[in-house]
Amino acid sequence: MATDLLGDDPYPMLLDKTDVARDIVSSIEKRRHVRVIDWRWRIVTWLWRRIPRFVWRRLKLVSPT
């Protein structure tokens, strides 16, 4: 799916906007506070949550200019 941000480049984590919108509406109706939409992002967030807080604090994050 081509967007202004990604163009026609293949992107492995790209989600279908119709499926995402349907899932967002369903999550709102079920009053979910947190929802990870796709199984691939669930794996990523699961891994992120395994990283200790002190590691996140030491990361030098560069802000975009």
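Residues numbered from 1 in each chain as written. Predicted model: local features only at pLDDT ≥ 70, side-chain atom pairs only at ≥ 80, totals over all residues. Heavy atoms only, no water.

Things to note about the overall build of the protein chain
Okay, so step 1: Helix and strand counts for the protein chain stand at three helices and zero strands.
Okay, so step 2: Order of helices (α) and strands (β) in the protein chain, N terminus to C terminus: α-α-α.
Okay, so step 3: Classification of the 65 residues of the protein chain by burial places 11% in the buried group.
Okay, so step 4: Element-wise, carbon and sulfur atoms account for 60% of the exposed surface of the protein chain, whose accessible area totals about 6400 Å². (Helix = DSSP H or I, 4+ residues; strand = E, 2+ residues; numbered from the N terminus. Buried < 20%, exposed > 50% of the residue type's maximum accessible area, 1.4 Å probe, protein only. Areas by Shrake-Rupley, 256 points an atom, 1.4 Å probe, with all protein chains shown as cover.)

Comments concerning a nonpolar patch on the surface
Okay, so step 1: On the surface, Trp 48, Ile 51, Phe 54, Val 55, Trp 56, Leu 59 and Leu 61 cluster together to form a nonpolar patch covering roughly 700 Å² of accessible area.
Okay, so step 2: The biggest single contributor to the nonpolar patch is helix H3 (residues 53-58), with three residues.
Okay, so step 3: Relative to the assigned elements, Ile 51 resides in the loop between helix H2 (39-49) and H3. (Patch = residues over 30% accessible without salt bridge, like charges linked within 9 Å, V, L, I, M, F, W, Y side chains within 5 Å. Salt bridge = Lys/Arg side-chain N within 4 Å of Asp/Glu carboxyl O.)

Focus on the side chain of Ser 27
Okay, so step 1: In this fold, Ser 27 is placed in helix H1 (residues 17-29).
Okay, so step 2: Leaving out residues up to four positions away in the same chain, Ser 27 has contacts with Arg 32 and Arg 35. (Contact = heavy atoms within 4.5 Å.)

A word on the pattern of salt bridges
Okay, so step 1: Using the criterion set out here, one finds three salt bridges in the structure.
Okay, so step 2: In this structure, Asp 38 engages Arg 40 in a salt bridge whose closest nitrogen and oxygen atoms are separated by 2.5 Å.
Okay, so step 3: Look at Asp 38 and you get buried, because its relative accessible area is 13%.

Looking at the confidence of the model for the protein chain
Okay, so step 1: Looking at the protein chain as a whole, its pLDDT mean stands at 81, while 80% of the residues score no less than 70.
Okay, so step 2: Looking at the elements of the protein chain, mean pLDDT is at its lowest for H3, recorded as 86, and at its highest for H1, recorded as 90. (pLDDT = per-residue confidence, 0-100.)

Notes on the environment of Trp 56
Okay, so step 1: Tracing the backbone through its elements, the reader meets Trp 56 in helix H3.
Okay, so step 2: Within the structure, Trp 56 has its side chain in polar contact with the backbone oxygen of Ile 51 (distance 3.5 Å). (Polar contact = N/O pair within 3.5 Å; in protein donor to acceptor, adjacent residues only side chain to side chain.)

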